[in-house]
Amino acid sequence: MPQQPSWDEDTSEGGERLVGAAADREDQAVEAALRPKDLGEFVGQTRVREQLDLVLRAARARGGTADHVLLSGAPGLGKTTLSMIIAAEMGAPIRITSGPAIQHAGDLAAILSSLTEGEVLFLDEIHRMSRPAEEMLYMAMEDFRVDVIVGKGPGATAIPLELPPFTLVGATTRAGLLPPPLRDRFGFTGHMEFYDPADLERVLHRSAGLLGVRMTDEGAAEIAGRSRGTPRIANRLLRRVRDYAQVRADGVVTQEAAARALAVYEVDERGLDRLDRAVLLALLKLFGGGPVGLATLAVAVGEERETVEEVAEPFLVREGLLARTPRGRVATPAAWRHLGMEPPQQPAPGGQEGLFGP
């Protein structure tokens, strides 16, 4: 299977965008301390959390392992956190790996054969796993058995290897790339939605308490509104605002401190950063709002085509600021308003003025 970057991964900028959803080393270290330990502490994702709670309670009541779980959604929404909560709720150890790390069936066989009974195997970016490993996973998930091929050619022999019952938790940012036979083997599938501002404010208050940061409700609301519906981004912005408050204010994260801090970091009130605004400004000022081709737009911005398409466009489209059409990229009226510009007058149908004027 070809390896493609996730639609919201910061592939061109090394994950260094302040509003990028990919986790850097600092994020990983902080998230380890901030992660909730059980479903009761987990904020947001109400539907997934309730459904998953029923699955885990039923498994514990039966005294068996939980069904295999597939979690899909954009980066930074809590898929890894939920996998760790699943292991904690089941009282089982967890093994963490990723699809890109499993390029051969033998890699997967080595991992599966070392699992203990009831262990949780978390497979991040499962859609990027190699096809031979994928096919081996089918049998392992369904029958808890794998066939290890010994030898080559006509003399090759398949040796069946029995596996202890385990729970596979797969995470993907592109559920559509998973082949149907693999999707069908998951007993529970949960889609992670973007968070609303109220839930992000709860996330921020919890994180502020754990980090020892004093924050007002207005400060939390200001940060939440610029966090793109993603807890990872909210926590990252909180740390940057905390730094600003400590250096240039009295150490309290207020609405004013948050607004000034994020202005320094070029994150506006809707969560757009320098790259997002550069794309919109080029589209509006140079091309009158479009339509314009992706390659032309990328040249105007001074970025690679993949950067514009994979990094900037998904959020702009989700925010209703940009539309992808067969003729090219088009700015919406909301984009003009957001940048404080007036949209051009629309011509009459057919590109001509009417009989008595426009």
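Residues numbered from 1 in each chain as written. Predicted model: local features only at pLDDT ≥ 70, side-chain atom pairs only at ≥ 80, totals over all residues. Heavy atoms only, no water.

A tally of regular secondary structure across the chain gives 14 helices and 11 strands. Residues classed as buried in the chain amount to 47% of the 358 residues present. Accessible area of the chain: about 17,100 Å², with a carbon and sulfur share of 51%. (Helix = DSSP H or I, 4+ residues; strand = E, 2+ residues; numbered from the N terminus. Buried < 20%, exposed > 50% of the residue type's maximum accessible area, 1.4 Å probe, protein only. Areas by Shrake-Rupley, 256 points an atom, 1.4 Å probe, with all protein chains shown as cover.)

Here we take up the sheet that holds strand β2 (residues 94-98). Spatially, β2-β3-β6-β1-β7 is the arrangement adopted by the five strands of the open sheet, whose pairing is parallel. The sheet is open, and its two borders are formed by β2 and β7 (188-191), each paired with just one other strand. In this sheet, neighbouring strand axes are inclined to one another by 15° on average, regardless of whether the strands run parallel or antiparallel. Here strand β1 (residues 69-72) runs beside β7; their pairing, made up of four bridges, is parallel. (Pairing = 2+ DSSP bridges. Axes fitted to C-alpha atoms, helices over the stretch in contact; angles between N-to-C directions.)

Time to look at the packing of helix α7 (residues 197-211) against helix α9 (residues 231-248). Between α7 and α9, the shortest axis-to-axis distance is 10 Å and the interhelical angle comes to 50°. On the basis of the axis angle, α7 is oblique to α9. Along this stretch, α7 crosses α9, giving a crossing that reads as right-handed. Contact with α7, carried on its side by L200, V203, L204, S207, A208 and L211, involves P231, A234, N235, L238, R239 and R242 of α9 and no other residues of that element. A per-class count over the contact of α7 with α9 returns eight nonpolar, two polar and two charged. (Parallel < 35°, antiparallel > 145°, perpendicular 65-115°, else oblique. Left-handed = near helix turned anticlockwise from the far one by under 90°. Contact = heavy atoms within 4.5 Å. Nonpolar A, V, L, I, M, F, W, Y, C, P; charged D, E, K, R; others polar.)

Evaluated as defined, the whole model comprises one aromatic pair. When the ring of F144 is compared with that of F166, the centres are 5.5 Å apart and the planes differ by 80°; the resulting orientation is edge-to-face. Pair noted here: F144 is in the loop between α5 (131-143) and β4 (145-150) and F166 is in the loop between β5 (157-162) and β6 (167-172), with a separation of 22 residues, a long-range link. When its relative accessible area of 0% is taken as the criterion, F166 is described as buried. For R228, the ring lying beneath its charged end belongs to F315, and the centroid distance is 3.9 Å. Above the plane of the ring of F194 lies R318, whose end atom (NZ or CZ) is 3.5 Å from the centre. (Phe/Tyr/Trp six-rings, centres within 6.5 Å; stacked < 30°, edge-to-face > 60°. Lys NZ or Arg CZ within 6 Å of the ring centre and 35° of its normal.)

Right, let's get into the nonpolar core. Core analysis: the largest hydrophobic core is formed by 48 residues, its most contacted members being L82, M215 and I223. For this core, the leading source of residues is α9, giving seven residues. The residues contacting M215, other than those within four sequence positions of it, are L204, H205, A208, A220, I223, L238 and V253. Counting 24 residues, the second largest nonpolar core, distinct from the first, contains L108, L121, M136 and Y138. (Core = buried A, V, L, I, M, F, W, Y, C linked by side-chain atoms within 4.5 Å.)

All right, on to a nonpolar patch on the surface then. Taken together, the side chains of V148, I159 and L161 present a nonpolar region at the surface, about 200 Å² in accessible area. Mapping I159 onto the fold places it in strand β5. By relative accessible area, I159 is classed as partly exposed at 43%. (Patch = residues over 30% accessible without salt bridge, like charges linked within 9 Å, V, L, I, M, F, W, Y side chains within 5 Å. Salt bridge = Lys/Arg side-chain N within 4 Å of Asp/Glu carboxyl O.)

The next point concerns the pairing of β2. Note that β2 and strand β3 (residues 120-124) share five bridges and pair parallel. Counted as the bridge partner of S98 is D124 from β3. Chirality of the crossover, the property in question, places the unit of β2, helix α4 (residues 105-113) and β3 among those that are right-handed. (Right-handed = clockwise from strand over helix to strand, strands pointing away.)

The next point concerns the environment of W336. Summarising the element assignment, W336 is placed in helix α14 (residues 333-338). For W336, a relative accessible area of 7% corresponds to the buried category. With 56 residues separating them in the primary sequence, W336 and L280 have C-alpha atoms 8.7 Å apart. What W336 contacts, discounting residues up to four positions off in sequence, is L284, G288, G289, A331, M341, E342, P343 and P344.

Once that is clear, we can look at the environment of D53. As for its placement among the helices and strands, D53 is situated in helix α2 (residues 46-62). Classification of D53 as partly exposed rests on a relative accessible area of 21%. With 36 residues separating them in the primary sequence, D53 and E89 have C-alpha atoms 9.1 Å apart.

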